[in-house]
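Coordinates in review
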Amino acid sequence: QVQLVESGGGLVQAGGSLRLSCAVSENIFNFNAMGWYRQAPGKQRELVAGINVGGRTNYADSVKGRFTISRDNAKNTVYLQMNSLTPDDTAVYYCAAGPILATSPSRYNYWGQGTQVTVSS
């Protein structure tokens, strides 16, 4: 059973930064794509960023230039560095693993439990 465990969420003021981590229970090379999604109350889950084994990335337009996704294959961990946070970034952030870099969450097979990020104004 694959496990993805997110950490690093919390409460931060607007303009601040957070770094989320996602620890994967098995070799991260088993998954071509790793992604971060978020879901705010009353909204659909949306892609934040994704990265594949080749280092190719995709980002939501709303986070481009502010967020950076990276993967440490030796540590089986994926990171999301979030800078210049705004209240609109408030959501539960989920880590996901799957076979292909994609936008739709349905393309990812494995999910973590999520970590709350709250940005105060």
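Here's what I pulled together on the structure shown here. (Residues numbered from 1 in each chain as written. Predicted model: local features only at pLDDT ≥ 70, side-chain atom pairs only at ≥ 80, totals over all residues. Heavy atoms only, no water.)

**What to know about the state of the cysteines**
Joining two cysteines, a disulfide is a covalent bond between their sulfur atoms. For the structure shown, the criterion picks out one disulfide. Two residues share a disulfide in this structure: C22 and C95, whose sulfurs sit 2.0 Å from each other. Residues C22 and C95 are joined by a disulfide whose S-S torsion is about -80 degrees; by sign, that bridge is left-handed. Taken together, the residues C22 in strand β3 (residues 18–24) and C95 in strand β9 (residues 91–98) connect sequence positions 73 residues apart. Residue C22 shares its accessibility class with C95, and that shared class is buried. (Disulfide = S-S within 2.5 Å. Helix = DSSP H or I, 4+ residues; strand = E, 2+ residues; numbered from the N terminus. Buried < 20%, exposed > 50% of the residue type's maximum accessible area, 1.4 Å probe, protein only.)

**A few points about the nonpolar core**
Core analysis: the largest hydrophobic core is formed by 29 residues, its most contacted members being M34, W36, L80, M82 and Y93. Counting residues per element, the ones that place at least two in this core are β3, β4 (33–39), β5 (46–52), β7 (67–72), β8 (77–82), β9 and β11 (115–120). (Core = buried A, V, L, I, M, F, W, Y, C linked by side-chain atoms within 4.5 Å.)

**Some details on the sheet that holds β7**
If you trace the four strands from one edge of the open sheet to the other, you get β1-β3-β8-β7, paired in antiparallel fashion. What marks the edges here is a single partner per strand, and that holds for β1 (4–7) and β7. Ignoring which end each strand starts from, the neighbouring axes of this sheet average 15 degrees apart. (Pairing = 2+ DSSP bridges. Axes fitted to C-alpha atoms, helices over the stretch in contact; angles between N-to-C directions.)

**Concerning the side chain of D89**
Along the chain, D89 falls in the loop between β8 and β9. A distance of 2.8 Å separates a polar atom in the side chain of D89 from a polar atom in the side chain of R66. (Polar contact = N/O pair within 3.5 Å; in protein donor to acceptor, adjacent residues only side chain to side chain.)

**What to know about the pairing of β7**
Residue alternation in β7 divides its side chains into a buried set, F67, I69 and R71, and an unburied set, T68, S70 and D72. As paired elements, β7 and β8 share six bridges and run antiparallel to each other. By the bridge assignment for β8, T68 is matched with Q81. Hairpin geometry of β7 and β8 is characterised by an intervening segment of four residues between the two adjacent antiparallel strands and by a positive phi of about 50 degrees at N76.

**What to know about the packing of aromatic side chains**
For the structure on display, the rule yields five aromatic pairs. Summarising the aromatic geometry, the rings of Y94 and W111 are spaced 6.5 Å apart at their centres and angled 75 degrees between planes, so their arrangement reads as edge-to-face. Pair noted here: Y94 is in strand β9 and W111 is in strand β10 (residues 110–111), with a separation of 17 residues, a long-range link. Looking at Y94, the relative accessible area reads 14%, which means it is buried. Ring centres 6.4 Å apart and planes at 65 degrees place the aromatic pair Y108 and W111 in the edge-to-face group. Overall, W111 belongs to the partly exposed group, its relative accessible area being 25%. Through a chain of ring-to-ring contacts, three or more aromatic side chains come together here, namely Y37, Y94, Y108 and W111. When the ring centre of Y94 is taken as reference, the NZ or CZ atom of R45 above it lies at 3.8 Å. Here the guanidinium or amino end of R45 rests over the ring plane of W111, the centre of that ring lying 4.9 Å away. (Phe/Tyr/Trp six-rings, centres within 6.5 Å; stacked < 30°, edge-to-face > 60°. Lys NZ or Arg CZ within 6 Å of the ring centre and 35° of its normal.)

**Considering the pairing of β3**
Across the seven residues of β3, five count as buried, placing the element largely inside the fold. As defined by bridge partners, β1 adjoins β3 across four bridges and the pair is classed as antiparallel. Bridge pairing links L4 to V24 in β3.

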